[in-house]
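Coordinate analysis (summary)
If you want the building blocks of each chain, they are given just below.
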Amino acid sequence: MTDLLRVEHVERHFGGLRALNGVDLAVATRERLAVIGPNGAGKTTLFNVIAGELSPTSGRVLLGGEDVTRRRPDQRAVRGLGRTFQKNNLFLGLSVFENVRLAVQRRHGVSWNAFSPAASHRTVMAETTEQLDTVRLRDRAGATVRELSYGEQRQLEVAVALACRPRLLLLDEPTAGMSPAETVGMIDLVKGLPPDLTLLIIEHDMDVVFALADRIVVLHHGEVLAEGRPEEVRKNPRVMAVYLGTDVTASGLVGADGVKLADCHSLADLVGGPPIEGERGALGP
Amino acid sequence: MAILRDRELTDSAAVAPAAAGAAVGGAQTQSRASRRSTLVSGLTVLATLLVFPFVVPSVYLQNVITEVLIFGIFAMSLDLLIGYTGLVSFGHAAFFGVAAYTAAIVATRYSDNLLATLAAGVVAAGLLAVPTGGLAIRSSGIYFLMLTLAFSQIVYAAAWKWTWLTGGSNGLAGVPRPKFGGFDFSSPATFYYLVLVFFVATFLALRRLVSSPLGHSFIGVRENESRMQAIGYDVWRIKLASFVIAGLFGGLAGALFSYYNGFVSPHDVYWSVSGHVMIMVIIGGAGTLVGPVLGAAFFLIVQNVVSSQTDRWPLIMGLAFIFFVLAARRGIVGMYLDAVAVARAAARR
Ligand SMILES: Nc1ncnc2c1ncn2[C@@H]1O[C@H](COP(=O)(O)OP(=O)(O)OP(=O)(O)O)[C@@H](O)[C@H]1O
Ligand SMILES: [Mg+2]
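Overview of the structure. (Residues numbered from 1 in each chain as written. Chains lettered and ligands numbered in written order. Predicted model: local features only at pLDDT ≥ 70, side-chain atom pairs only at ≥ 80, totals over all residues. Heavy atoms only, no water.)

1. What to know about the site of ligand 1
All names here are of chain A. Around ligand 1, the structure places 14 residues, and the nearest of them are N39, K43, T44, T45 and Q86. For ligand 1, an oxygen atom lies 2.8 Å from a polar atom in the side chain of N39. Measuring from an oxygen atom of ligand 1, one finds a backbone N or O atom of G40 at 2.9 Å. Here ligand 1, which alone exposes 630 Å², has 62% of that area covered by the protein. (Near = heavy atom within 4 Å. Polar contact = N/O pair within 3.5 Å; in protein donor to acceptor, adjacent residues only side chain to side chain. Areas by Shrake-Rupley, 256 points an atom, 1.4 Å probe, with all protein chains shown as cover.)

Below, the structure is given as structure tokens:
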């Protein structure tokens, strides 16, 4: 069976910075893969290269066996790639309904119709409502994005991506900034996604990672530090070193690698280490 | 002027809630009521425009309103770019001027048939819009603005230099009013009706366009290009479509203007014409269809009234423009809607 996604020797430099430094990755159809790593590890850059927002300095990206390295983001989206953004990237002045409807109408191939009102396309309208139901935003259909709470905007971010019915879905920290209740809702939503959907998720919250992922890839300084099943990664000494390096505890706030303590809080759960002294006092809610 | 409620249907921010209401239920009756009131006010305005030449026999006023309708078409076409697609073009006079010249050349040399001259003008504008738009939309923001300006100045230079075709600085005089079947549209009133037909057709076509899936794609590009790409839209093609459609309707206005004026000169392609039509869009209210028409009316009526009193009218228009940019960014339409909102709030209390 061919992999749905292959990333081959991808490098991406920003000036002198090697944000991605030779990443190889293969993702099989139906797999649920979590990409984790400290801040600045290159996770979002990797997503941007996979989705086509950034072109790699070198290396290739293959989607369903096809080399899409030179394809634009929209061409990759049409081939079944959907993504959400770490920083909300919505149609701010438009309603919740319209945000999702734009994705649905594209998939139905009616976006070039200039002669009939958008509201007259019954299947598009019905599917939009359905999609809003799945993320529990149906009541908010008429609100503009600006009127939504942050958590609701995160939900809409996922809804817009799902409305494209992708084969491969990239979620960039979908629960970041969400309340615990909203986070649980998001986990349920992702668990309930069709089984033939292939998922890559960047997440700092380890509860979410363990709830959703079959496999974990750890990025560090633009390189794959470790990968494997969650239990394996949890025990990996190199991962433990990165997340619970002595510098972190010593300096109290920032580790040698620029790892912020805020992330270590959740990542400490990953390696099963004890809570870091003074951590909650310093940064807790 | 309840037709301003039309904004509720044409303005992007409001389109979607109305649509959502229809799907979600609850707001259904309300949206039907607002649709009916839009229809009623639209028909009222149409009826007023239809009886206008009978009620107002002044040829001068008939000409002013004819000009308002022509520039209303022109301003609506530019608003498709500025207000709906978020492409601030500063070269829209190119399409107006090319169509005006083409229609005038066909009318003076070959045939004064309405369809022949009009089709030639509109097709010429469209043919110009494809390559210039295709190049200009590769850039964005200020660079897009400068490129469109540059292209329109090339057209302006061509109008000066190609004397054999354009008459150079003399322009093309003696453009006849077009003929169609037995009609010759030579009286101010008959010509007014001809322009009114095209105006209403343009308004209805653009209204349908901005509420269609393609129109919503334009709005999506205006709101967030990167997300449009991420959900699979070829943003370049959508922008080009908007540019060409705007060019075609700008061309329609230009062709009508050449009959109206009976004379075409390089002045009609000059950048100041692009500036004037942009001022009309912004004063009236970008992102609506009614706004640009009101902006054209405001601009031309002020121009006519003030320039008969003083030659300082550009100063006065400049001050008015500054007022709108600083104090009323949503234009005349926005001021009206704000006033309605205030009145409603007061009535509720
Ligand atoms: N467009 C850009 N230009 C310059 N540098 C960039 C750009 N995008 C990312 N970087 C840098 O590349 C590195 C990797 O960034 P990236 O956003 O991929 O990290 P990340 O793993 O997603 O981190 P986080 O967990 O904070 O989201 C960082 O040092 C970042 O500053
Ligand atoms: Mg990131």
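Still to come is the rest of the account.
2. Re the nonpolar core
If you look at the biggest cluster of nonpolar residues, it comprises 159 residues, and the most contacted ones within it are L156 and V218 of chain A together with M228 and I231 of chain B. The element contributing the most residues to this core is helix α12 (residues 235–261) of chain B, with 16 residues. Those residues in contact with I231 of chain B that sit more than four places away from it in its chain are A77, F91, L102, A103, R106, V160 and C164 of chain A. In this structure, V7, V35, L168 and V217 of chain A belong to the second largest nonpolar core, which totals 27 residues. (Core = buried A, V, L, I, M, F, W, Y, C linked by side-chain atoms within 4.5 Å. Buried < 20%, exposed > 50% of the residue type's maximum accessible area, 1.4 Å probe, protein only. Helix = DSSP H or I, 4+ residues; strand = E, 2+ residues; numbered from the N terminus. Contact = heavy atoms within 4.5 Å.)

3. Details of helix α5 (residues 93–109) of chain B
In this model, α5 of chain B (17 residues) spans 24 Å end to end at C-alpha, consistent with the 24 Å of a helix rising 1.5 Å per residue. By the criterion of burial, α5 of chain B is predominantly enclosed, with 14 of the 17 residues buried. (Expected span 1.5 Å × (residues − 1).)

4. Description of the interface of chain A and chain B
Across the contact, 43 residues belong to chain A and 33 residues belong to chain B. Of the roughly 3,100 Å² buried between chain A and chain B, counting both surfaces, carbon and sulfur atoms make up 61%. For the chain A face of the interface with chain B, the top three residues by lost area are D74, F91 and W112 of chain A, together amounting to 19%. Across the pair E157 of chain A and R227 of chain B runs a salt bridge whose closest N-O atoms are separated by 2.3 Å. Seen at the junction of chain A and chain B, the total is 21 residue pairs in polar contact (both at pLDDT 80 or more). Residue assignment for the side of chain A that touches chain B shows that the elements contributing at least two residues are α2 (73–78), β6 (81–83), α3 (96–107), α4 (122–134) and α5 (150–162) of chain A. For the side of chain A that touches chain B, the element with the most residues is α3 of chain A, which contributes 7 residues. Tallied by class, residues from the side of chain A that touches chain B come to 24 nonpolar, 10 polar and 9 charged. (Buried area = accessible area lost by both parts, 1.4 Å probe. Salt bridge = Lys/Arg side-chain N within 4 Å of Asp/Glu carboxyl O. Nonpolar A, V, L, I, M, F, W, Y, C, P; charged D, E, K, R; others polar.)

5. Quick look at the pattern of salt bridges
Residue and element names in this part refer to chain A. By the definition in use, this model includes 24 salt bridges over all chains. A salt bridge links E66 to R79; its shortest N-O distance comes to 2.9 Å. Residue E66 is found in strand β5 (residues 66–67), and its partner R79 is found in the loop between α2 and β6; the two are separated by 13 residues along the sequence. Look at R79 and you get partly exposed, because its relative accessible area is 26%. The salt bridge partner of D133 is R138, with a shortest N-O separation of 3.1 Å. On the basis of relative accessibility, which here comes to 40%, the residue D133 falls in the partly exposed class. One salt-bridge network, in which partners are shared between bridges, spans D3, R6, E8, R60 and D67.

6. Re the sheet that holds β5 of chain A
Residues and elements named next belong to chain A. The sheet built from 4 strands is open, its strands ordered β2-β1-β4-β5 with antiparallel pairing. Each edge of the open sheet is held by one strand with a lone partner, namely β2 (17–27) and β5. In this structure, strand β1 (residues 5–14) lies alongside β2, joined through 8 bridges in antiparallel fashion. Across the sheet, residue F14 finds its bridge partner in β2, namely L17. Contacts from helix α1 (residues 43–51) reach β1, β2 and β4 (58–63), with the element oriented near 120° to β1. (Pairing = 2+ DSSP bridges. Axes fitted to C-alpha atoms, helices over the stretch in contact; angles between N-to-C directions.)

7. Details of the packing of aromatic side chains
All names here are of chain B. In total, this model carries 20 aromatic pairs over all chains according to the counting rule given. Arranged with centres 5.6 Å apart and planes meeting at 85°, the rings of F95 and F243 form a pair that is edge-to-face. Here F95, found in helix α5, pairs with F243, found in helix α12; they are 148 residues apart in sequence, far enough to count as distant. When sorted by exposure, F95 lands in the same class as F243, which is buried. Taking the centre distance of 6.4 Å and the plane angle of 80° together, the rings of Y156 and W160 count as edge-to-face. (Phe/Tyr/Trp six-rings, centres within 6.5 Å; stacked < 30°, edge-to-face > 60°.)

Shape is all these values report; function is a separate question.
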